[in-house]
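# Close look at the chain arrangement
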Amino acid sequence: MAQTMPKEGKFELIKLPYAENALEPVISQETVALHHGKHLQTYVTNLNNALTGTPLEDASLEEVVMKSQGGVLNNAGQTLNHNMYFMQLCTPCDDNMPSGKIAEAIDRDFGSFEAFKKEFTQKGTTLFGSGWVWLSADKDGKLVITQEPNAGNPIRSGLRPLMCFDVWEHAYYVDYRNRRAEHIDNIWKIIDWKVVERRMEHGN
C-alpha cells in the first residue's frame, strides 16, 4: 500500500473527490456530512492527540495501524478504513460493474461477479455488531473477503486491502434506519471500480 504520512506531525481529514450530495440517493448529503465531517474528523483528532509524544508520532498511518493497540489502534484503524471507504465511492450507476483486470481477478477467484457479490453481501449482512467487510489481495495476489470487527483492517493480517463496506450503523442509519441489507445492496451502485483496480495493481 501507499503510505499515508502526517503533515507537520498531524494527520488531516481527507478531502472528498466529490460533492457531499454526489452519492444521492444511495447515501444522502446529510449522511456524508455527518459521516465524513463529524465521525471521521473525530477519529483523526483523537488519533493526533493520542500520538503526541509517542514513538509513532511521525509514523505513517499504515504503520500506526500495524503497530498500535487499544485506543490508538481504534482511531488509527477507523481513520485508515474511512479514508479508503470514502475515496472508493462515485456517482450512482444502476449497472455498475467492474471491468478490466479487477473483473478478471474477481472471475478467477470467485467464479463470477455475481458469486463474489453474493458472498460479499452475505458477509456484510451477517457481521455481528459493528465493523467492516473487505476485499483484499493476499501475498500471492489472490482475492479474499474478510469480516473485520470494529476498527479492524486486513493489513494487520498481511493482506492488501482493496475495497470496503462500512457496516457501522452511523454509515447508514439516517438513510436506512436498521435496514443494513438494503444499504449494502445499494452501495454496489457507487463503487468506483477504477480505484479498486488501481489499489490492486499499485497499492494506492
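Structure's up top.
So, here's what we can say about the structure. Bear in mind that the values here come from a model prediction, so they are computed numbers and not experimental data. (Residues numbered from 1 in each chain as written. Predicted model: local features only at pLDDT ≥ 70, side-chain atom pairs only at ≥ 80, totals over all residues. Heavy atoms only, no water.)

### Quick word on the packing of aromatic side chains
We count it as follows: Two rings from Phe, Tyr or Trp (for Trp, the six-membered ring) form a pair when their centres are within 6.5 Å of each other. A pair whose planes differ by under 30 degrees is stacked, one over 60 is edge-to-face, and the rest are tilted. Segments assigned H or I by DSSP are reported as helices when at least four residues long, segments assigned E as strands when at least two residues long, and all are numbered from the N terminus. Classification of residues uses two cut-offs on accessible area relative to the type maximum, computed with a 1.4 Å probe and protein chains only: under 20% is buried, over 50% is exposed, and between them is partly exposed.
Evaluated as defined, the whole model comprises 13 aromatic pairs. Aromatic pair F116 and F120: ring centres 5.6 Å apart, planes at 55°, arrangement tilted. Note that F116 and F120 are positioned in helix 5 (residues 113-126) at a spacing of four residues, about one turn of the helix. One exposure class covers both F116 and F120, and it is buried. With 6.2 Å between their ring centres and 35° between their planes, W132 and W134 make a pair best called tilted. A relative accessible area of 0% means that W132 is categorised as buried. Residue W134 is classed as buried on the basis of its relative accessible area, which comes to 0%. Aromatic rings pair up to connect F110, F113, F116, F120, F165, W188 and W193 into one cluster.

### Let's talk about the pairing of strand 1 (residues 131-137)
Put simply, the test is: Two strands are said to pair when DSSP picks up at least two bridges between them.
Buried residues dominate strand 1, accounting for seven of its seven residues. The alternating pattern of strand 1 places G131, V133, L135 and A137 and W132, W134 and S136 on opposite faces, both of which are buried. Across seven bridges, the pairing between strand 1 and strand 2 (residues 143-149) is antiparallel. Within the sheet, the bridge partner assigned to S136 lies in strand 2 and is V144. Taking the residues between adjacent antiparallel strands as the criterion, strand 1 and strand 2 are bridged by five residues, where G141 takes a positive phi near 90°.

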